[in-house]
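# Structure assessment
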Protein chains: 2
Amino acid sequence: MEIGDPLVRADALAKVLGKEKYSADLYTPGMLWSGVKRAGVSHAELVSVNIERAKALEGVEAVLTAADVPGPNRQGVIHKDQPVLAQDRIHYAGDPVALVLAKDQSTLKKALELISLELRELPGVYDPASALEAKAPLVHPQNESGNLIIHATQILGRGAAALDDCQTVVEGDFEVPRQEHAFMETECGVARLDENGRLEMSVSTQAPFRDRLEIGQALGLDPFSIRVKAPAMGGGFGGKDGATVQCLLALAALKASNRPVIMVWDRRESFLAGTKRLAGRLKYRLGADADGSLKALVCEIIMDNGAYANLGPEVLGQCMECAAGPYRVLNTSISGKAVYTNNPVGGPFRGFGAPQAAFAMEQMMDMLAARLGLEPLEIRRRNALKRGDKNSLGITLTTSTGIAQCLHTLADHPLYLQAEDWKKKSPPFRARGKGLACVLHSVGFGAKVPDYATAKIELTGEGKFKIYSGIVDMGQGNASTYLQMAGDILNQDAADLELVLPDTELCLPSGSASASRTTYIFGNALIKAAERLKKLIQQKAAMVFASQDREDDFALLPRTVRHLPSGWEVSLADLARMPNKSELTATGYFKAPVAPEAKEGGSLEIKGFGMGHRLFSYGAHLALIEVDQITGHIEVASYLAVTDSGRVINPQIFEQQIQGGIAQGLGYGLCEDFLLHKGQVLSRDFSTYILPTSLDVPVIYSKAVETHEDSGPYGMKGMGELPICGPLPAVANGLADACGVRVMQAPLTGERVLNALSTAGAAGEEK
Amino acid sequence: MEIGDPLVRADALAKVLGKEKYSADLYTPGMLWSGVKRAGVSHAELVSVNIERAKALEGVEAVLTAADVPGPNRQGVIHKDQPVLAQDRIHYAGDPVALVLAKDQSTLKKALELISLELRELPGVYDPASALEAKAPLVHPQNESGNLIIHATQILGRGAAALDDCQTVVEGDFEVPRQEHAFMETECGVARLDENGRLEMSVSTQAPFRDRLEIGQALGLDPFSIRVKAPAMGGGFGGKDGATVQCLLALAALKASNRPVIMVWDRRESFLAGTKRLAGRLKYRLGADADGSLKALVCEIIMDNGAYANLGPEVLGQCMECAAGPYRVLNTSISGKAVYTNNPVGGPFRGFGAPQAAFAMEQMMDMLAARLGLEPLEIRRRNALKRGDKNSLGITLTTSTGIAQCLHTLADHPLYLQAEDWKKKSPPFRARGKGLACVLHSVGFGAKVPDYATAKIELTGEGKFKIYSGIVDMGQGNASTYLQMAGDILNQDAADLELVLPDTELCLPSGSASASRTTYIFGNALIKAAERLKKLIQQKAAMVFASQDREDDFALLPRTVRHLPSGWEVSLADLARMPNKSELTATGYFKAPVAPEAKEGGSLEIKGFGMGHRLFSYGAHLALIEVDQITGHIEVASYLAVTDSGRVINPQIFEQQIQGGIAQGLGYGLCEDFLLHKGQVLSRDFSTYILPTSLDVPVIYSKAVETHEDSGPYGMKGMGELPICGPLPAVANGLADACGVRVMQAPLTGERVLNALSTAGAAGEEK
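Residues numbered from 1 in each chain as written. Chains lettered and ligands numbered in written order. Predicted model: local features only at pLDDT ≥ 70, side-chain atom pairs only at ≥ 80, totals over all residues. Heavy atoms only, no water.

Residue and element names in this part refer to chain A. Spatially, β3-β5-β1-β13-β10-β11-β12 is the arrangement adopted by the seven strands of the open sheet, whose pairing is mixed. Across the chains shown, the open sheet's two edge strands, defined by having one partner strand only, are β3 (60-64) and β12 (226-229). Pairs of neighbouring strands in the sheet enclose a mean axial angle of 20°, with direction left out of account. Pairing between strand β10 (residues 188-193) and strand β13 (residues 261-264): four bridges, direction antiparallel. Opposite V190, over in β13, you have I262 as the bridge partner. Sheet strands in contact with helix α3 (residues 105-114) are β1 (32-38), β3 and β5 (96-102), and its direction is about 25° off that of β1. (Pairing = 2+ DSSP bridges. Helix = DSSP H or I, 4+ residues; strand = E, 2+ residues; numbered from the N terminus. Axes fitted to C-alpha atoms, helices over the stretch in contact; angles between N-to-C directions. Contact = heavy atoms within 4.5 Å.)

Laid out in structure tokens, this is it:
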């Protein structure tokens, strides 16, 4: 097993054969089914909940309301503003008002239908701009700043004043939509309270260790009386970063008389009650010198956070941090607001706030290039950040910075070189265009949230190795990369390495599977653990051979240790059977460094979490698109992603993240339209919320520009979120190139494109 | 500047513009020209040298013979058997008998013609098998073992006895030719003895520090009174690893009355007196189980070392070490002999002994596959070494071992996938074939020769950096990679990094530019030096700001240092001007680890130098060839090299080494025929010794399988010699695939192929 090897994922076979066990597969006969009644209205006073008829139904074990919730009844990763069961007010249509435990699914369904609510409907707010108006209805009247959750500003250099000195200034006003996570596996889990009062839960989650705290705080339980296990997951994308079923399921278990309980949201419930990518509006002004050097950027960002804060303010922080793209801009004024509305809750989604920012900034770059008569590639080259530059927050980039190299590689790629020829061959009534987009994405939690992992490895009595993963693999393949790293250091075959999935009882806290951090953070910890265990084994072997030799003279081989000078061997199983078991386990701890500017006393005051990163991955994307001028439909013919995420540990898993991220980004850009009307979800399932299928995804070419990141395991950086940031702006720029129109509202549906084309046709404007 | 960046070489512009100064360009008016009279006969007693007429010629400064040589008059890197000027015996036609110093080139030429020799010719030996016969004439009568220089054997497991247990045994008898280094720049240098008795020399050399010792020992001088500088080189390939002009030039300088002296060999002199790749014969028996698992290998290798040992025995050692290819063979018996003859001297040449071994072993693998009905790719897959295996010397591979990955990548490449289709489309009278070859090459000097480097970096008063290279860049581009590594760590732009070329007075000893070691060894040393200097600069900056902060809070930027928390900056120039200059220079030392098996008391007794490596690079090569059945001419249509040399630091320099090595390997395999008759060189220049031109070189596809080598700088391993090992066996296997004939004598000229085809046609044999 070598680093760089395109090893097949450890979980591939079980998943292909359908043998993998997900949380909902842990159902066993006799389990109680639990589920919740949701409010259905967007804003109301909750006068009463009528549960009597449900309770009376044969097979119903319990029906609970807010009154039955022990503890403060407030959940949220950082901002504790969301009830487990709604108390006296409904903030959005997905609010849960009652929890039912029943002997089976059909009884559960019937019981939920028998619950009725007495409500006094209130006027609601459904877009953030209106929500900030003086007399707007308040979503959380007790919130000090009305509907405003956070207002953060970041000024660098002379800020907005620098616009006055620019040779050229372009302006744009962009709107980005919600996006549904649409994971294959909806929110689910099983739980049981044992006779000693300990609660055990297996749940589809990105953050088992943090779930313990969130459940404990919400329900007034000792977090250490809760055990959370994270089996295989069928996708998360940020939608399982924070409690979904957890607190409800824990509450159900508390009332289930020690019987096991299951909760599984169906697709409609997931659409209604799951968090969404934050929709928002971004107003940009970007100024440059005559030669295209960026000089000033002013942005005003306003995000629709929905009914609860969730991690929306942090998403906003990342959007602000990425607002200037991977470019050198010496004067910036970036303002961001996250706002309560009575819409579904906004939260983390692969890319966090970066895709929103890229849609705006990358179109601004093209508009500026057009104004100055520069090629889109050229203006990006001139402004590409390099190591040593300050980013738009004023943080000096001291880590590997390969955006210039990505642009260089893109410029040399046949797809780029042949794009103009390809465009000329467009069929009748179709227009072809090429669109560029540069992307960046931070790695890790940033300056304000401790970002660490703890890995554990054990040599078993059979001479095999158990790797205890403290961090979830929600499908992206990081767990396989952990095995590859440990296998490389311990020199063991895949068959002799077993992965222990996250379990708060067996594994060690390592933070959530999010923020493109898993392989970077846990990998660093794991390398330490593996090297320590290797040394322990070598020492033990030296003892066996009564050798004075250096440890390096003992080589670990698959299931054995060889004393190299003599050629003598002892099996790992024999070594493991010797006394002193404590020598058979090693742990490794890694905490990510923090940008000095963002520490106490540093020059940078970070407003809000999610900002102040010191480590970024970069990419340069190219989309070749064809627009049907009759329907407005955009077809992406081919796509190129050039990526700097440092060293690639497993090219196959790297490639898979690129392909998946771009497919998901094309969905966000072209067809995934999460429609609401006064807080009510109109696109309730996959018949109206359209995901791209394999037929909609073009051939995606991928090239890695492998810089070396000193702080990363084997020189790597995270990249799970990076690729999703490119497709929307690349396609939007391709559309402008093809037809001379700019659509600033996403997704770029046929309807919007057609509108833009006819407006442009009428006005005879642009190009 | 980032690792992984395909940066243009630092020396590219000067070379393309013809502005680079090579040793011969250091000629200045008034220099004395020096040159030698060579024996011309292959074996003789030297009765007398008549130099009077030459001495009397106007403009001749001095004419020297062996009697004028101070000191022992013996040179050689390890084996001191070669005179600076021949004493009483001529061992081969290139032996120098008199050294002339003249005012200009034409006078020098005339004077050399005026020297005559009185010789008593002796019967000679011209092939190593005859040289080992009982009554063969002796090249060095004083040598204890007659014409045998060294006889080494390596037995692993049950050795030859294991052949008896094999299901199948194949046999082969292979002959490999000499090869001429054919560097663009022939051997040359300038030297001067100053008034204080110090000798300064600028010379085209791969080993300036060792040259000092070799000159000192040969001429009885204090090595530390000699300064050797190594300017830019126009190729070395092993032919400048050890003294060429050095001792003669030093002798000339000693007798030149403090005037500067130049010596430049012309092409014919270089052909006659330069070392060659060792020709030899390899008899192989290879046995396997029915499933193709290799079980026993017996080889007898005999090498024609020519008139002097030079590094021939070490080349033989490497040939033996690579005899089994990158395969797992548990029982081996490998015997090697290096033999004196009266032919030109055999010595190191890119690949050392590995290309010779690959020619034999890779054909054996195909023969075995054919016998067992296996695909050539499949038999290689089944036997590919992996980490933890013992190699054929019994050394456990504990370093990165990517041959299986190379084969995997080759198997997925379009060239391989489409090869069978391509073969079917062969034009009339032409036959097409595909040939595979796996290659391996060691990195570094092996177990017996200390393998270290010392790097030095200085911060100059202008705030720039000087990198003192202790190791020569003979054209391969390693020096540019040094700048890239230092630039990465110190975060400086290329323009602010200056390379100081090797100079024994300014730089530190780092061994020769050879053995695929330069970037690996010097890179490791340089990283230490750069990190130390970075820390010194950070400490100095902390002092300036009277800061309590950690050093990490000070970031190096191009020409400046920034205190990240505050944003304050101080220029490197200002820092450099502060007192305590000792803080402005850092050195780094790296010594390569040695395989524990090969250390004192280890299980492996290494016979001869050049063996016992612990680190190897690997490759899998594919040649698609077309044979003209009328002329026997082989045309290589396309070529694929998949390489595991660990992490690639600069893809452009990597690619260049691949392309160059394969072109040179194709010359060795197909057309470079260094012809001798009784020790006399028949192919004396490029009109008869045919190098491949750009028109002869096919499109070469290159893929890197980037494993991570823990001991290497950024995970890299050396690969300068690896690619040259593949073309000859890959083409030979392609020929057998195309026409069903095996040519076991290289190069595979049209004549040999035609002979084989007609013999096969007559016998109607094979296939």
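Having seen it, we continue.
Take the packing of aromatic side chains next. Enumeration according to the criterion identifies 28 aromatic pairs over all chains in this entry. Seen from their ring centres, F174 of chain A and Y284 of chain A are 6.2 Å apart, and the 90° between their planes marks the pair as edge-to-face. Within this pair, whereas F174 of chain A is found in strand β8 (residues 168-176), its partner Y284 of chain A is found in strand β15 (residues 279-288), the two being separated by 110 residues in sequence. Residue F174 of chain A is classed as buried on the basis of its relative accessible area, which comes to 0%. For the ring pair F271 of chain B and Y689 of chain B, a centre distance of 5.5 Å and an interplane angle of 85° mean the geometry is edge-to-face. Here F271 of chain B is found in helix α7 (residues 267-273), whereas its partner Y689 of chain B is found in the loop between β30 (680-681) and β31 (699-704), with 418 residues between them in sequence. On the basis of relative accessible area, F271 of chain B is assigned to the buried category, the value being 0%. Ring pairs connect the aromatic residues F271, F674, F686 and Y689 of chain A, which therefore count as one cluster. Seen from the ring of F183 of chain A, K240 of chain A lies directly overhead, with NZ or CZ sitting 4.2 Å from the centre. (Phe/Tyr/Trp six-rings, centres within 6.5 Å; stacked < 30°, edge-to-face > 60°. Buried < 20%, exposed > 50% of the residue type's maximum accessible area, 1.4 Å probe, protein only. Lys NZ or Arg CZ within 6 Å of the ring centre and 35° of its normal.)

The next subject is the interface of chain A and chain B. When the parts of a complex come together, some accessible area is lost, and that lost area is often taken as the interface size. Facing 42 residues of chain A, the contacting portion of chain B comprises 42 residues. With both sides pooled, the region where chain A packs onto chain B buries about 3300 Å², and carbon together with sulfur makes up 45% of that total. Of all residues in chain A, E2, R387 and H708 of chain A bury the most surface against chain B, accounting for 20% of the area lost on that side. The interface formed by chain A and chain B contains six salt bridges. Those elements that provide at least two residues to the side of chain A that touches chain B are α11 (403-412) and β23 (554-557) of chain A. When the residues that make up the side of chain A that touches chain B are grouped by side-chain class, the tally is 10 nonpolar, 16 polar and 16 charged. (Buried area = accessible area lost by both parts, 1.4 Å probe. Salt bridge = Lys/Arg side-chain N within 4 Å of Asp/Glu carboxyl O. Nonpolar A, V, L, I, M, F, W, Y, C, P; charged D, E, K, R; others polar.)

Bringing the UniProt feature "domain: Aldehyde oxidase/xanthine dehydrogenase a/b hammerhead" (unreviewed entry) in chain A into the picture now. UniProt annotation of "domain: Aldehyde oxidase/xanthine dehydrogenase a/b hammerhead" (unreviewed entry) refers to residues 17-123 of chain A when read in the numbering used here. Structurally, residues 17-123 of chain A comprises 14% helix and 32% strand, and the distance from its first C-alpha atom to its last is 51 Å. (UniProt positions renumbered as here; feature names shortened; annotations may be inferred.)

Moving on, we come to the pattern of salt bridges. In total, this model carries 84 salt bridges over all chains according to the counting rule given. Between E505 of chain A and R198 of chain A there is a salt bridge, with the nearest N and O atoms lying 3.1 Å from each other. Linking E505 of chain A in the loop between β22 (497-500) and α15 (518-544) with R198 of chain A in the loop between β10 and β11 (199-203), this pair joins segments that are 307 residues apart in sequence. Notably, a salt bridge pairs E635 of chain B with R430 of chain B, separated by 3.2 Å at the nearest N-O pair. In this pair, E635 of chain B sits in strand β28 (residues 634-644) while R430 of chain B sits in strand β19 (residues 430-442), placing the two residues 205 residues apart along the sequence. Here the residues in one salt-bridge network are R430, R432, E626, D628 and E635 of chain A, joined through shared partners.

On to the packing of helix α9 (residues 354-372) of chain B against helix α18 (residues 727-739) of chain B. Residues and elements named next belong to chain B. For the pair α9 and α18, the least separation of the axes is 8 Å and the interaxial angle reads 30°. Of the two elements, α9 crosses α18, and the hand of that crossing is right-handed. Contacts between α9 and α18 involve A358, F359, E362, Q363 and D366 from the former and L728, P729, A732 and N733 from the latter. (Left-handed = near helix turned anticlockwise from the far one by under 90°.)

Successive residues of a regular strand alternate their side chains across the two faces of the sheet. Residue and element names in this part refer to chain A. Of all seven residues in β1, six are buried; the element is thus mostly enclosed. Two strands pair when backbone bridges link them, and β1 and β13 are joined in this way by three bridges, in the parallel orientation. Bridge pairing links W33 to I262 in β13. Both β1 and β5 contribute to a ladder of six bridges, which runs antiparallel. Of the residues in β5, the one forming a bridge with G35 is V100.

Turning our eyes to something else, we now look at empty space enclosed by the protein. Residue and element names in this part refer to chain A. What the rule picks out here adds up to seven cavities of 30 Å³ or more. The volume enclosed by the largest cavity comes to roughly 290 Å³. What lines the largest cavity is a set of 25 residues, and nearest its centre among them are Q75, Q82, A243, T244 and A273. Across the lining of the largest cavity, the residue classes break down as 11 nonpolar, 10 polar and four charged. (1 Å grid on protein atoms, 1.4 Å probe; cavity = no way out; pocket = protein on both sides within 12 Å on 5 of 7 lines; lining within 4 Å. Points joined across faces, edges and corners; volume = space filled by probe spheres on them.)

The next point concerns the sheet that holds strand β18 (residues 346-347) of chain B. With mixed pairing, three strands are arranged side by side in an open sheet as β9-β14-β18 (chain B). Of all strands in the sheet, those bounded by a partner on one side alone are β9 (179-180) and β18 of chain B.

This part is about the environment of R158 of chain B. Its place among the elements puts R158 of chain B in the loop between β7 (148-156) and β8 (168-176). Each C-alpha atom of the pair R158 of chain B and A358 of chain B lies 23 Å from the other, and the pair is 200 residues apart in sequence.

All names here are of chain A. Running from N to C, helix α14 (residues 478-490) and α15 point in directions that differ by 30°, and their axes come no closer than 9 Å. Taken together, the axis directions place α14 and α15 in an arrangement best described as roughly parallel. Crossing geometry of α14 relative to α15 is assigned as right-handed. For the pair formed by α14 and α15, the contact residues are N478, T481, Y482, M485, A486, I489 and L490 on the first element and T518, T519, F522, G523, L526, I527, A530, E531 and K534 on the second. (Parallel < 35°, antiparallel > 145°, perpendicular 65-115°, else oblique.)

Residue and element names in this part refer to chain A. Residue P747 is bonded to the preceding A746 through a cis peptide linkage, with omega at -5°. In this structure, P747 sits in the loop between α18 (727-739) and α19 (750-763). For N310, which is not glycine, the phi dihedral falls at a positive 45°. Examined against the element boundaries, N310 turns out to sit in the loop between β16 (294-306) and α8 (312-321).

Take the relation of the copies chain A and chain B next. Note: a rotation about an axis with an accompanying shift along it relates these two copies of the chain. Of the transformation placing chain A onto chain B, the axial shift is 0.0 Å and the rotation is 180°, giving an RMSD of 0.0 Å. One copy is carried onto the other by what is essentially a two-fold rotation axis. Identified as the residue of chain A closest to the rotation axis by C-alpha distance is Y714 of chain A, at 4.0 Å. Taken together, the interface assignments show that 100% of the residues at the interface of chain A recur at the interface of chain B, consistent with an identical surface on both copies. (Least-squares fit on C-alpha atoms with pLDDT ≥ 70 in both.)

Taken together, the side chains of L13, V16 and L17 of chain A present a nonpolar region at the surface, about 340 Å² in accessible area. Tracing the sequence through the fold places L17 of chain A in the loop between α1 (12-16) and β1. (Patch = residues over 30% accessible without salt bridge, like charges linked within 9 Å, V, L, I, M, F, W, Y side chains within 5 Å. Areas by Shrake-Rupley, 256 points an atom, 1.4 Å probe, with all protein chains shown as cover.)

Glancing now at the pairing of strand β16 (residues 294-306) of chain B. Residue and element names in this part refer to chain B. Counting buried positions along β16 gives 11 out of 13 residues, so the element sits mostly inside the fold. Sheet topology places strand β15 (residues 279-288) next to β16; 10 bridges connect them, and they run antiparallel. Across the sheet, G280 pairs through a bridge with M303, a residue of β16. Taking the residues that link successive antiparallel strands as the turn, the β15-β16 hairpin has five residues, and the phi of G292 there is positive, at about 95°.

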